[in-house]
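If you want the building blocks of each chain, they are given just below.
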Amino acid sequence: MSPDVLYTIEVILNGLMAGVMYSLVALGFVLIFKASGIFNYAQGVMALFAAMTLVGIQNGQVPFSHLINAIFGTHIHHFGWQLPAIVAILLTVVVMIIFAILVERLVLKHLVNQEPIILFMATIGLAYFMEGFGDLMWGSEIKTLDVGLPQGASLALEEYTLKWAAEGSEYYGMYLDKLDMVAALVALALVITLSLFSQYTKTGRALRAVADDHQAALSVGISLRKIWVITWCIAGVVAMVAGVMWGSKSGVQFSLSLIALKALPVLILGGFTSIPGAIIGGLIIGVGEKLFEYSIGPLIGGATENWFAYVLALFFLVFRPQGLFGDKIIERV
Amino acid sequence: MNPLKIVGVALITSLASTAAMADLVFPSLSYRTGAYGANGIPFADGYADYFTLVNERDGGIGGIPAKVIECETGYNTQKGVECYESTKGENPLVYQPLSTGITYQLIPKVTADGIPMHTMGYGRTSAKNGTVFSNVFNYPANYWDGASHAINHILSENGGDIKGKNVALVYHNSAYGKEPIRTLNELSAKHGFKLAEVPVDHPGQEQKSQWLQIRRTRPDYVLMWGWGVMNQVAIQEAVNIGYPMENFIGIWWSGSENDVIPAGAKANGYKALTFHAVGSDFPVFDDIQKHVVDAGKAAGAGDQVGTVLYNRGMYAAMLAVEAAKTAQGIHGTADINAAQMRDGMEALVMDAAKMESLGMAGFGPEFTVDCKNHGGPGLGAMQQWDAGAGEWKLISDFEPSDMEIIQPLIDEDSNAFAEESKIELQECA
């Protein structure tokens, strides 16, 4: 094969992998929107907060240490332990569950039956609060996240594909990041688990009932508040997974919260209410933006990915306003 | 005398003396929040701590305490301008906006208001021309110097011949990131290397396409003009594709501990430019520890002392203090105003003796500023990351840039600005 063909395949594969990373963020949005009709502006910050908590717990960092030291004149920063990644992950899940309960008790409970825009505004407030709270709790410096995930090129794949190119051509083998491959497997496992959970468990069916019709679900005795807590718990865990994957690449820092921007076109394309939509949307956006950057980017100065993802999503929006997999919009008069 | 008159005179005298002894105000347009907060914090801490040191150890500048007014910009140009407007009534002596975007907006404002602005290693490069930019200073080095330093380093590694070499510039797709392109194009024409431009959009969290391109084209050297998360991701991606770190060179804003630590041991060998020394092996840091950190007066937790960006903030503050001292000397008064501060900056001399007296011998290059040249000689050095030791090491002396290329560019750009803005050129002796 000619190297150009192989490079194109490489770009498509890497686009798929990038798409999976976008989907991981989009999934959290979909879960909450599906169950409560809330567009959770704080999803990106939740990913950041979860990743900060994970690193903090793993490294034995004392939460609010700067505040404690400033008030009491102490110099405490660490408990002195280094926890195994799995323990830190489980403890972070506990923190995200507590966070979900607090969000329901302190914010959502008071906004039942309010307009979606009010709930959306509440999540904006929540995002800003969490940004500051996370910094206060764990500090704002860039943290290294190491939960043992592999990173870097897959040398086996590089070697295996090296011979695919025509002899004498300049080709270095196909590149795939091992972290992206792990992310793809994790996303697959997440989607299967969430699908099985929503299809075959009582709580999952209750979630779907609430998603379909709040009033009808309430009339058959489903607790809306309980469902909201469960939904935010799951979204919190999904945010943690996204935070771990993205944080492994760049370190855990404020910019992690901006990954939500990469999820928006995915949601527009895949639909706000479909879990498979979040995945398929992510893959289309990932491949689309990478192929565009590879083929057209050099002709127009490059750096096309950010805006092209939105153009692609808007193109789909013209033909399917509800997204590829979103619930069909039916207006009855 | 009537007791009422005595009280009145005493009150007036007291108010007058209070006014006379007003603090010397140094606004700090900092960013401790947002996407670039992790970098803004150590810089702001270093800036504030040096003024605290001067107050605590020396009793201020010429006997008058320095006062730092911090205003949060979030690295947002609009907020930066608001910070300027809200603090300019406090009789500030010099602004340091720490943002190229804010700098561009403030240039006409500070010029009209007669307040000097120092943009150390950032901002509008052609502000080096003091006859056009009377109130803007960018000593000791600017972006175009940086571009030249990087190419000089590559030249020195290749015996002075880089004809036919491929150099890629990975840059933040903003006014800041685009600054070196013109210079690099000129240097490319002079030395015969091929330049490939690889832009990265803000914030730079996802750079797969750019690094696949670099992996395909295999440039001999990669230069980076990045900031914030873009740096960390770029270094990680370079590690992932197995790019040789010793051939990867960042500008000084891509060379802090924050940028290399997330990539771990494989970031070893990564290089970055600098215009000041690294580490905390200077007497001034002992003073900071004693008078500022241990006294509980540090702006931050005290854990950033000696890091690259803390040092840079401290260096900026030190240059401001020395300019203020120079101004006090010129005008024979300790209570200087912004116009007098400008004169001090324009007559600043940073020689070895002065640096040594400050406990900073060799911390920065020796340089002088004058009416025509607000940027100094543009000296810069190269630092390299030692992942094993977890520290940056200076691997070169402070060396000059290629003024044969840069000076005509500065003249052209600044003169065009003067014409466009109808600026009356400052007359220099």
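A word on the overall build of chain B. Check the secondary structure of chain B and you find 15 helices and 13 strands. Against the 2.2 N^0.38 benchmark of 22 Å for 429 residues, chain B shows a C-alpha radius of gyration of 22 Å, consistent with a compact globule. Dimensions of chain B along its principal axes, counting C-alpha atoms only, are 90 × 50 × 40 Å. With 429 residues in all, chain B has 57% of them scored as buried. The long-range share in chain B, meaning contacts at least 24 apart out of those at least 6 apart in sequence, stands at 70%.

Attention now moves to the overall build of chain A. Along its length, chain A carries 13 helices and zero strands. Each helix and strand of chain A, placed in order from N terminus to C terminus, yields the pattern α-α-α-α-α-α-α-α-α-α-α-α-α. Taking 2.2 N^0.38 as the reference for a compact globule, 333 residues should give roughly 20 Å; the C-alpha atoms of chain A span a radius of gyration of 22 Å, in line with that estimate. Along the first, second and third principal axes, the C-alpha set of chain A runs to 70 × 65 × 40 Å. The long-range share in chain A, meaning contacts at least 24 apart out of those at least 6 apart in sequence, stands at 75%.

By the secondary structure assignment, B:Cys371 is in the loop between strand 11 (367–368) and strand 12 (381–386). Through-space distance from the C-alpha of B:Cys371 to that of B:Pro180 is 25 Å; in sequence the pair is 191 residues apart.

Residue and element names in this part refer to chain B. Across the sheet, seven strands lie side by side as 6-5-7-8-9-12-13; this open sheet has mixed pairing. Sheet topology places strand 6 (194–200) and strand 13 (391–394) at the edges, where each strand pairs with a single neighbour. When the angles between neighbouring strand axes are averaged without regard to direction, this sheet yields 25°. Relative to the sheet, helix 7 (residues 181–191) contacts strand 5 (166–172) and strand 6, its axis offset from that of strand 6 by approximately 160°.

A separate point is helix 2 (residues 37–58) of chain B. All names here are of chain B. Under the 1.5 Å per step criterion, the end-to-end length of helix 2 is 31 Å for 22 residues, consistent within 8% with the ideal 32 Å. Most of helix 2 sits out of view: 19 of its 22 residues are buried. In the segment just after helix 2, Gly 59 is the residue with positive phi, at about 75°.

All right, on to the interface of chain B and chain A then. Accessible area lost upon the coming together of the parts is a frequently used measure of interface size. Listed by partner, the interface residues are 32 residues for chain B and 36 residues for chain A. Secondary-structure elements contributing two or more residues to the side of chain B that touches chain A are helix 2, strand 6, helix 8 (208–217) and helix 9 (229–240) of chain B. When residues of the side of chain B that touches chain A are assigned to their parent elements, the largest contribution, six residues, is made by helix 9 of chain B. Residue composition of the side of chain B that touches chain A, by class: 15 nonpolar, twelve polar and five charged.

Residue and element names in this part refer to chain B. Backbone torsion omega between Tyr 139 and Pro 140 reads 5°, so that peptide bond is classified as cis. Relative to the elements of secondary structure, Pro 140 occurs in the loop between strand 4 (136–137) and helix 5 (143–157). Cis rather than trans, the peptide bond between His 202 and Pro 203 has omega equal to -5°. Even without being a glycine, Asn 91 presents a positive backbone phi close to 60°. Here Asn 91 is to be found in the loop between helix 3 (77–87) and helix 4 (100–113). A tally of 15 C-beta atoms within 10 Å means that Asn 91 is categorised as partly exposed. With a phi angle near 50°, Lys 422 is a residue other than glycine that sits in the positive phi range. Relative to the helices and strands, Lys 422 resides in the segment after helix 15 (403–420).

Residues and elements named next belong to chain B. Segmentation of chain B into domains returns domain 1 (15–141 + 280–377) and domain 2 (143–274). Taken over C-alpha atoms, the centre of domain 1 sits 29 Å from the centre of domain 2. Each partner contributes to the interface: domain 1 provides 14 residues, whereas domain 2 provides 16 residues. Elements that contribute at least two residues to the side of domain 1 that touches domain 2 include exactly helix 2, helix 4 and helix 12 (308–331). Here the side of domain 1 that touches domain 2 gets three residues from one element, more than from any other, and that element is helix 4. Taken together, the residues of the side of domain 1 that touches domain 2 sort by class into eight nonpolar, six polar and no charged.

Residue and element names in this part refer to chain B. Residue-level pLDDT values for chain B average 93, and 95% of them are 70 or greater. Note that residues 11–20 has pLDDT below 50 and, in this model, one contact with residues that lie over four places away or in other chains. Model confidence for the complex is summarised by a pTM of 0.91, with the ipTM given as 0.90.

Now for the environment of B:Met314. Residues and elements named next belong to chain B. Tracing the backbone through its elements, the reader meets Met 314 in helix 12. Of the residues examined, Met 314 has 29 C-beta atoms within 10 Å and is grouped as buried. With 264 residues separating them in the primary sequence, Met 314 and Tyr 50 have C-alpha atoms 5.6 Å apart. Look past the residues within four positions of Met 314 in its chain and what remains in contact with it is Gly 46, Tyr 47, Asp 49 and Tyr 50.

The next thing to look at is the packing of helix 2 (residues 43–58) of chain A against helix 5 (residues 116–138) of chain A. All names here are of chain A. One way to put it is that helix 2 packs onto helix 5 with a least axis distance of 9 Å and a crossing angle of 15°. It follows from the interaxial angle that helix 2 and helix 5 lie roughly parallel. Handedness of the helix 2/helix 5 crossing: left-handed. Contacts between helix 2 and helix 5 involve Val 45, Leu 48, Phe 49, Met 52, Thr 53 and Gly 56 from the first element and Ala 127, Met 130, Glu 131, Gly 134 and Trp 138 from the second. The class makeup of the residues in the contact of helix 2 with helix 5 is seven nonpolar, three polar and one charged.

Calculation criteria
- Residues numbered from 1 in each chain as written.
- Chains lettered and ligands numbered in written order.
- Predicted model: local features only at pLDDT ≥ 70, side-chain atom pairs only at ≥ 80, totals over all residues.
- Helix = DSSP H or I, 4+ residues; strand = E, 2+ residues; numbered from the N terminus.
- Rg over C-alpha atoms; globule rule 2.2 N^0.38 Å.
- Buried ≥ 20, exposed ≤ 12 C-beta atoms within 10 Å, placed from the backbone.
- Contact = placed C-beta atoms within 7 Å.
- Pairing = 2+ DSSP bridges.
- Axes fitted to C-alpha atoms, helices over the stretch in contact; angles between N-to-C directions.
- Expected span 1.5 Å × (residues − 1).
- Nonpolar A, V, L, I, M, F, W, Y, C, P; charged D, E, K, R; others polar.
- Domains from an automatic or database assignment.
- pLDDT = per-residue confidence, 0-100.
- Parallel < 35°, antiparallel > 145°, perpendicular 65-115°, else oblique.
- Left-handed = near helix turned anticlockwise from the far one by under 90°.

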